[in-house]
Amino acid sequence: MAELVLAGLGKAYGDGTRAVTNLDLNIRDGEFLVLVGPSGCGKTTALRMMAGLESISEGTIRIGERVVNDVPPRDRDVAMVFQSYALYPHLNVYDNIAFGLTLRKMPKKDIDQRVRRVAEVLELSDHLDRKPRNLSGGQRQRVAMGRAMVRAPQAFLMDEPLSNLDAKLRVQMRAQIARMQRDLGVTTVYVTHDQTEAMTLGDRVAVMKRGVLQQVGPPQELYDRPVNLFVAGFIGSPGMNLFVAKLVEDQDGQHWVTLNSDALRLPESVLHERPALAKYVGQNVVLGIRPEDMEDAALVDQVEGALLHSVADLVEAMGSDILVHFPVDAEAADTDDTRALAEDSGADDVAGAGKGTVLVGRFSPRSRIYEGQQVATWVDTSRLHFFDPATGTAIWNEEIS
Amino acid sequence: MTTVLSHEKREVRVVDVPVTGSPKRGPLTRFVSNLGNGAVQVGLAVVAVFWLMPVFGLLVASLRSEQANTASGWWTIFTKPAELTLQNYAELAGNETIWRSFLNTVYIAVPSTFLVVVISALAAYALAWIEFPGRDWLTVTVVGLLVMPIQVALIPVAKLFGALDLFGTIAGVVLFHVAFGLPFAVFLLRNFFTGIPVDLVEAARMDGATEWVVFRRVILPIAKPALASLTIFQFLWVWNDLLVALVFADQDSAPITVALRSQLRQFGANIDLLSTGAFLSMAVPLVVFLAFQKYFVQGVLAGSTK
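Residues numbered from 1 in each chain as written. Chains lettered and ligands numbered in written order. Predicted model: local features only at pLDDT ≥ 70, side-chain atom pairs only at ≥ 80, totals over all residues. Heavy atoms only, no water.

Moving on: the nonpolar core. Grouped together as the largest cluster of nonpolar side chains are 98 residues, with contacts concentrated most on Leu4(A), Leu35(A), Met50(A), Ile61(A), Val189(A), Phe193(B) and Phe248(B). At twelve residues, the largest contribution of residues to this core is made by helix 5 (residues 96-129) of chain B. Apart from residues lying up to four places away in sequence, Met50(A) is in contact with Leu4(A), Leu6(A), Leu35(A), Ile61(A), Arg76(A), Val78(A), Leu157(A) and Val189(A). Formed by 47 residues, the second largest nonpolar core is a distinct cluster that contains Leu135(A), Ala198(A), Val231(A) and Ile235(A). (Core = buried A, V, L, I, M, F, W, Y, C linked by side-chain atoms within 4.5 Å. Buried < 20%, exposed > 50% of the residue type's maximum accessible area, 1.4 Å probe, protein only. Helix = DSSP H or I, 4+ residues; strand = E, 2+ residues; numbered from the N terminus. Contact = heavy atoms within 4.5 Å.)

Below, the structure written as structure tokens:
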């Protein structure tokens with residue numbers, strides 16, 4: 001076990017394209033760090049550089065006390081779990097797991113002991129004689145995990161290990177990975193594009209966009225205090241509603257954000273938390289509202305100054321809650337970040353300027369809303385997010401803005 | 001939204017919906033799936049019999065005396081089965097020239113096949129999985145050599161062998177076969193190797209494997225079917241070769257193809273010796289084929305990646 005330190009890590013290809021730019025990450029000993037981002041954001045490239053499967057163009061990677069830039073993968077003492085599992089098709093489960101140990105010339109007895117212990121933990125004991133082709137997807141995935149675990153390496157590198165499993169199994173395996181990592185206490189870097197996996201697994205989560213690290217921190221911090229539109233939109237599901245609104249101050253000194261005919265009054269706490277917001281009075285800001293910070297106004301007592309009026313466009317009953325889609329007459333936020341987000345979801349042609357924005361609210365199942373009905377939505381104004389409309393940076397205090 | 005049900009007659013449009021489900025099957029797929037069909041089996045049997053006719057004729061001829069062979073065709077055997085005799089084989093067993101040439105063929109074919117398979121597997125691994133400058137050009141060059149006809153090289157190589165004292169030796173013949181067998185072998189194996197998921201190679205490297213271990217313990221076992229087909233092809237080519245041996249081998253190093261050819265006469269041939277010898281020379285490749293056939297397994301990669 002060891003810490004893993006990336007300093008100024010960069011990857012540039014011969015044709016000038018860059019996969020990773022100036023990546024600084026300090027992964028503590030025993031930490032579970034999740035690298036998350038849309039496809040093509042450089043997260044897998046970064047992982048492969050840590051593994052030694054990709055050459056390093058700039059910067060250094062240190063594992064423990066050792067700079068490993070020029071160390072071949074076999075000598076880095078890290079284990080990797082591949083998205084495709086990459087099991088040796090000609091070897092049975094036992095030999096697949098034992099492969100790395102036999103190469104290290106470990107005594108047969110020790111190998112046997114370790115393989116059987118790992119197999120037990122992963123519930124593979126009954127399948128040790130089987131070839132990979134005779135295993136189910138979940139079993140194959142566990143063999144891939146076992147192959148990494150049995151070596152007790154300095155660090156685990158996992159490249160979307162769950163993306164080939166069906167939804168139910170994925171949730172199970174997610175819990176198993178979390179438990180296993182906690183029990184072994186091995187430094188782990190986990191790459192995924194699934195923000196649920198990132199939030200549930202990571203001690204810390206690092207969000208990347210186009211090869212550049214956006215923010216790294218505990219999942220809750222990313223959720224509560226995203227540094228820019230990209231992180232705000234990427235973390236959380238359904239994603240944060242982002243649209244342009246005007247920040248105004250009335251004669252009583254109250255601050256409001258106005259859109260369409262509605263206005264939301266900002267509580268003192270918001271202005272207190274975000275001193276830099278004062279500079280935006282009279283200007284447009286990008287307002288962010290998480291779906292879970294909305295509620296059917298009929299179910300809330302105190303709604304004054306916190307209402308949006310619209311017509312329910314689409315109602316999705318999820319059982320545990322209801323997702324209500326409704327249009328508001330506000331311009332969608334359009335920055336580099338939101339375009340990157342739209343690209344990721346494959347909806348880059350949907351949002352058009354001037355057409356308004358469709359918001360999604362997560363209502364309690366007690367709401368009696370139905371499609372086509374007028375809807376008044378209460379917004380938890382203490383949990384609003386604000387971003388600069390030009391740069392997409394979150395508006396907090398002076399330094400950040 | 002509410003929908004008002006109306007009882008008025010509405011025009012129903014028939015829309016051409018593309019048929020989903022099983023995709024359109026090609027003629028080959030249809031043929032293969034019909035293999036169990038009786039008519040197809042009969043058809044195949046007819047083709048097989050037709051195809052085997054000359055071989056059968058050769059076998060029968062080798063079992064008839066020289067007189068019988070010159071007097072009538074082999075098919076007369078159906079009416080006169082008594083003509084069958086093992087005498088030709090007895091004579092063959094005593095013919096030293098044929099035996100020596102048979103051994104020569106073995107001495108030529110075995111090393112030629114072995115060397116080609118070993119060298120091409122190593123080369124193909126490097127071309128497929130190891131990055132080094134000029135790799136792509138080297139690959140293109142090797143593939144380009146495929147179009148080089150053997151005949152072009154006969155005279156220059158003969159001169160070279162003369163200078164190196166290799167002319168007329170088994171080693172010379174082997175070298176020539178290896179040289180001309182390699183381009184195809186490398187091409188075939190490299191294509192197979194690149195079809196192996198890169199993740200497997202990388203997983204092995206992560207597991208602590210050196211390139212040699214990756215090659216020996218991951219790639220080679222997976223590549224068994226390709227290696228088996230290459231072995232069979234290469235062995236057959238060399239075993240049946242006449243031209244190269246005719247040019248480069250001398251009396252003492254001549255393989256069986258050359259020895260049998262020398263039995264041809266302007267009028268007819270020593271049919272008794274020829275047919276038995278030919279049958280002997282056919283038997284060995286058959287054994288090789290059957291021995292390696294078990295490696296033709298489908299789906300070697302199954303279960304390895306997703």
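Attention now moves to the interface of chain A and chain B. Contacts between chain A and chain B engage 28 residues on the former and 25 residues on the latter. Counting the surface lost from both chain A and chain B, the interface buries some 2,300 Å², and carbon and sulfur atoms represent 60% of this. For the pair chain A and chain B, the interface holds two salt bridges. Across the pair Arg151(A) and Asp207(B) runs a salt bridge, and its minimum N-O distance is 3.4 Å. Listing elements by their share of the side of chain A that touches chain B, those giving two or more residues are helix 1 (43-51), strand 6 (78-81), helix 2 (93-103) and helix 4 (137-149) of chain A. A total of four residues in the side of chain A that touches chain B trace back to one element, the largest contributor, which is helix 2 of chain A. (Buried area = accessible area lost by both parts, 1.4 Å probe. Salt bridge = Lys/Arg side-chain N within 4 Å of Asp/Glu carboxyl O.)

Another point: helix 2 of chain A. Each α-helix winds once per 3.6 residues, and so residues spaced three or four apart point in a common direction. Residues and elements named next belong to chain A. Counting buried positions along helix 2 yields nine of eleven residues, so the element is predominantly enclosed. A side-chain oxygen of the first residue of helix 2 lies 3.2 Å from the backbone nitrogen of Tyr94; this N-cap is Asn92. Where helix 2 ends, the next residue or the one after it, Lys105, has phi of about 55°, a positive value. (Polar contact = N/O pair within 3.5 Å; in protein donor to acceptor, adjacent residues only side chain to side chain.)

This brings us to the layout of surface pockets. As a volume, the second largest pocket reaches approximately 600 Å³. Considering the residues around the second largest pocket, the lining is formed by 22 residues, among which Gly52(A), Leu53(A), Trp129(B), Glu131(B) and Arg205(B) are closest to the centre. At the level of elements, helix 5 and helix 9 (198-206) of chain B are the ones that each hand at least two residues to the lining of the second largest pocket. Considering every element that reaches the lining of the second largest pocket, the biggest residue donor is helix 9 of chain B, with three residues. (1 Å grid on protein atoms, 1.4 Å probe; cavity = no way out; pocket = protein on both sides within 12 Å on 5 of 7 lines; lining within 4 Å. Points joined across faces, edges and corners; volume = space filled by probe spheres on them.)

In this section: the sheet that holds strand 15 (residues 294-296) of chain A. All names here are of chain A. Taken in spatial order, the three strands line up as 15-20-16 in an open sheet, and their pairing is antiparallel. Looking at strand neighbours, the two that pair on one side only are strand 15 and strand 16 (307-311), the edges of this open sheet. Strand-to-strand, the axes of this sheet are offset by a mean angle of 35°, without reference to chain direction. When strand 15 meets strand 20 (residues 374-379), the two strands line up antiparallel, connected through three bridges. Each residue of the ladder has a partner; that of Asp296, found in strand 20, is Thr377. (Pairing = 2+ DSSP bridges. Axes fitted to C-alpha atoms, helices over the stretch in contact; angles between N-to-C directions.)

Looking at where Lys43(A) falls in the secondary structure, it is placed in helix 1. Filtering out sequence-adjacent residues up to four positions away, Lys43(A) remains in contact with Leu35(A), Val36(A), Gly37(A), Pro38(A), Glu160(A), Val191(A), Thr192(A), His193(A) and Met208(A).

Turning our attention to the pairing of strand 8 (residues 187-192) of chain A. All names here are of chain A. For strand 8, a buried count of six out of six residues is recorded, marking the element as mostly surrounded by other parts of the structure. The side-chain alternation of strand 8 yields two buried faces, one formed by Thr187, Val189 and Val191 and the other by Thr188, Tyr190 and Thr192. As paired strands, strand 3 (residues 32-36) and strand 8 are joined by five bridges and run parallel to one another. Among the inter-strand pairings, Leu33 is bridged to a residue of strand 8, identified as Val189.

Another aspect to go through is the packing of helix 5 of chain B against helix 11 (residues 224-240) of chain B. All names here are of chain B. Interaxial distance between helix 5 and helix 11 falls to 9 Å at its minimum, and their mutual angle equals 145°. The element helix 5 and its partner helix 11 pack so that their crossing is right-handed. Side by side, helix 5 and helix 11 meet where Phe102, Thr105, Val106, Ile108, Ala109, Val110, Ser112, Thr113, Val116, Val117, Ser120 and Ala121 of the first sit next to Leu227, Leu230, Thr231, Gln234, Phe235, Val238 and Trp239 of the second. Classifying every residue of the contact of helix 5 with helix 11 by side-chain character gives 13 nonpolar, six polar and no charged. (Left-handed = near helix turned anticlockwise from the far one by under 90°. Nonpolar A, V, L, I, M, F, W, Y, C, P; charged D, E, K, R; others polar.)

Let's shift gears to unusual backbone geometry. All names here are of chain A. Cis rather than trans, the peptide bond between Ser237 and Pro238 has omega equal to -5°. Looking at the element boundaries, Pro238 is found in the loop between helix 8 (229-234) and strand 11 (241-249). Its identity as a non-glycine residue notwithstanding, Asp77 has a phi of 60°, on the positive side. Summarising the element assignment, Asp77 is placed in the loop between strand 5 (66-67) and strand 6. Despite not being glycine, Glu160 has its phi angle at roughly 45°, a positive value.

What follows concerns helix 4 of chain A. Relative to the 18 Å expected for 13 residues at 1.5 Å per residue, helix 4 of chain A spans 18 Å between its end C-alpha atoms, a close match to the ideal helical length. For helix 4 of chain A, the buried fraction is high: twelve of the 13 residues fall into the buried class. Regarding helix 4 of chain A, the residues found buried are Gly138(A), Gln139(A), Arg140(A), Gln141(A), Arg142(A), Val143(A), Ala144(A), Met145(A), Gly146(A), Arg147(A), Ala148(A) and Met149(A). In this fold, the buried residues of helix 4 of chain A make contact with strand 6, helix 2, helix 3 (108-121), strand 7 (155-159) and helix 5 (167-184) of chain A together with helix 9 of chain B. (Expected span 1.5 Å × (residues − 1).)

Moving on to the domain arrangement of chain A. Residues and elements named next belong to chain A. Annotation of chain A at the domain level lists domain 1 (4-227) and domain 2 (231-387). The distance between the C-alpha centroids of domain 1 and domain 2 comes to 37 Å. Contact with domain 2 buries area across many residues of domain 1, yet Gln195, Arg210 and Tyr223 alone supply 41% of it, more than any other trio. Where domain 1 packs against domain 2, one counts five salt bridges. Salt-bridge contacts for Asp224 lead to Arg383; the nearest nitrogen and oxygen are separated by 3.4 Å. Scanning the region where domain 1 abuts domain 2 turns up eight residue pairs in polar contact (both at pLDDT 80 or more). Elements represented by at least two residues in the side of domain 1 that touches domain 2 include exactly helix 6 (195-201), strand 9 (204-209), strand 10 (212-217) and helix 7 (219-224). (Domains from an automatic or database assignment.)

With that settled, the discussion passes to the packing of aromatic side chains. Residues and elements named next belong to chain B. Scanning the model with the defined rule gives 19 aromatic pairs over all chains in all. Where Tyr125 meets Phe215, the ring centres are 5.5 Å apart and the plane angle is 70°; that geometry is what we call edge-to-face. Here Tyr125, found in helix 5, pairs with Phe215, found in helix 10 (residues 211-222); they are 90 residues apart in sequence, far enough to count as distant. The same class applies to Tyr125 as to Phe215, namely buried. Taken together through their ring pairs, the aromatic side chains of Phe161, Phe167, Phe176, Phe180 and Phe248 make up a single cluster. (Phe/Tyr/Trp six-rings, centres within 6.5 Å; stacked < 30°, edge-to-face > 60°.)

Moving on, we come to the confidence of the model for chain B. For chain B, per-residue confidence averages 86 on the pLDDT scale, and 90% of positions sit at 70 or higher. Scoring the predicted complex yields pTM 0.82 and, for the interface, ipTM 0.85. (pLDDT = per-residue confidence, 0-100.)

Sheets are built from strands that pair by backbone hydrogen bonding, the pairs being arranged parallel or antiparallel. All names here are of chain A. If you trace the three strands from one edge of the open sheet to the other, you get 17-18-19, paired in antiparallel fashion. At either end of the open sheet lies a strand with only one pairing partner, and these are strand 17 (314-317) and strand 19 (357-363). When the angles between neighbouring strand axes are averaged without regard to direction, this sheet yields 20°. Across four bridges, strand 17 lies against strand 18 (residues 322-328) in antiparallel orientation. In the sheet register, Leu314 faces strand 18, and the bridge partner there is His325.

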